[in-house]
Amino acid sequence: MLARPVKYIWQHLRYIPLWTALTSSKWRRYDKRARSLGNMIGWVMRWIPIARRRFDREVLRIYPDMPRAERLALSRKMGQNMGRTLFEVFHNTEFQAGQEHFHISGPGLEILEKARAEGKGAILVSGHFGQWEAVRAVLKHRGMETAGVYRRQSNRHYQRLLSRGIEQGGRPALTTGPNGTKAMVRHLRAGGFVAILLDEKTVDGEMMPFLGFDALTSLAAARLALKYDVPFMPVFGTRRENSSDIDVEFEAPIEPSDPRTMTQAFNDNLSARILEKPDQWYWLLRRWKDMRR
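What counts and how
Residues numbered from 1 in each chain as written. Predicted model: local features only at pLDDT ≥ 70, side-chain atom pairs only at ≥ 80, totals over all residues. Heavy atoms only, no water. Helix = DSSP H or I, 4+ residues; strand = E, 2+ residues; numbered from the N terminus. Buried < 20%, exposed > 50% of the residue type's maximum accessible area, 1.4 Å probe, protein only. Contact = heavy atoms within 4.5 Å. Areas by Shrake-Rupley, 256 points an atom, 1.4 Å probe, with all protein chains shown as cover. Axes fitted to C-alpha atoms, helices over the stretch in contact; angles between N-to-C directions. Parallel < 35°, antiparallel > 145°, perpendicular 65-115°, else oblique. Left-handed = near helix turned anticlockwise from the far one by under 90°. Pairing = 2+ DSSP bridges.

Before going further, it helps to spend a moment on the overall build of the protein chain. Of regular secondary structure, the protein chain possesses 11 helices and 9 strands. Expressed as a percentage of the 293 residues in the protein chain, the buried residues total 52%. Within the protein chain, contacts between residues at least 6 apart in sequence are counted, and of these 74% link residues at least 24 apart. Surface exposure of the protein chain reaches about 14,600 Å², of which carbon and sulfur atoms provide 55%.

Below is the structure:
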């Protein structure tokens, strides 16, 4: 009987720090508010032991010889980047209005324009790297509104903010799971575009190398791309140093072959980007949790 009230109260308590950060600077300009949340999360990553230990556990797997001072600097910088990204996702309408901050490159955009003109769908794959929502912002501005797939949050307050932000970035907003997959298939078959972050652990995935270690990885996106003959395209939004400016890259689609080969090609692509700019990736995903040895 007490479980539900306790859970309700705990959800409110967990939301208080984020609510405080989001509301205490409402009078400031958008960019300064985004920077403010970034600085707060950067401070948490640098000084709060539980966050620092979780970060160190993942980073030391990839960089076992990284000195402590370097890890502290990296955790703070990652927190700043992710805090800004989080704010921009929560306020996606304002974020999309800043098209002058998006610097577009790559052959993929022309391919997507051709697909849209032919009434054909596409699957865009990225990761929790840089500002991934910039990709959908660019496409929506060009009349190619793209569905976003996200994992439903257990905290009702986070879920409300996240679902609203994803919908502002482009509809439909699809949750992971069987119902979301069915809706995604309908959207693809109708010629829609779908953006998926492929760097989260999935229990029904396969063990595949990621940053040099096996991690559970979903093959569903590649399977759908093959089944419905749509582009399987890596896309990335890389934040420029301490800036609102974002390099939005639409790469050429990965060549159709088989789901594992295609997904591994994406894993290798994202891994190379993380090794080049480790502060841009969200290291708290527990990507190798329960890793089979």
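Taken N-terminus to C-terminus, the directions of helix H10 (residues 220-227) and helix H11 (residues 259-276) make an angle of 120°; their axes are 8 Å apart at the nearest point. Classified by the interaxial angle, the pair formed by H10 and H11 is oblique. Like other packed secondary-structure pairs, H10 and H11 cross with a definite hand, here right-handed. Facing Ala222, Arg223 and Leu226 of H10, the residues of H11 in contact are Pro259, Met262 and Thr263.

Another point: the sheet that holds strand E9 (residues 246-250). Overall, mixed pairing links the 7 strands, which are arranged E1-E9-E8-E2-E5-E3-E4 in an open sheet. Both edges of this open sheet fall to strand E1 (102-105) and strand E4 (173-175), since each of them pairs with a single strand only. Along the sheet, successive strands turn relative to each other by an average axial angle of 25°, direction set aside. Alignment of strand E2 (residues 122-126) against strand E8 (residues 232-239), held across 3 bridges, turns out to be parallel. Bridging across to E8, Val125 finds its partner in Pro234. Packed on one face of the sheet, helix H7 (residues 133-141) meets E1, E2, strand E3 (146-150), strand E5 (193-197), E8 and E9 and runs near 75° to E9.

Quick look at unusual backbone geometry now. In terms of backbone geometry, most residues other than glycine have negative phi values and most peptide bonds are trans. Omega for the bond connecting Arg171 with Pro172 falls within 30 degrees of zero, at 0°, which places this linkage in the cis form. Tracing the backbone shows Pro172 in the loop between helix H8 (156-169) and E4. A positive phi angle is found at Leu211, which is not glycine, with a value near 55°. You can see Leu211 is positioned in the loop between strand E6 (206-210) and strand E7 (213-217).

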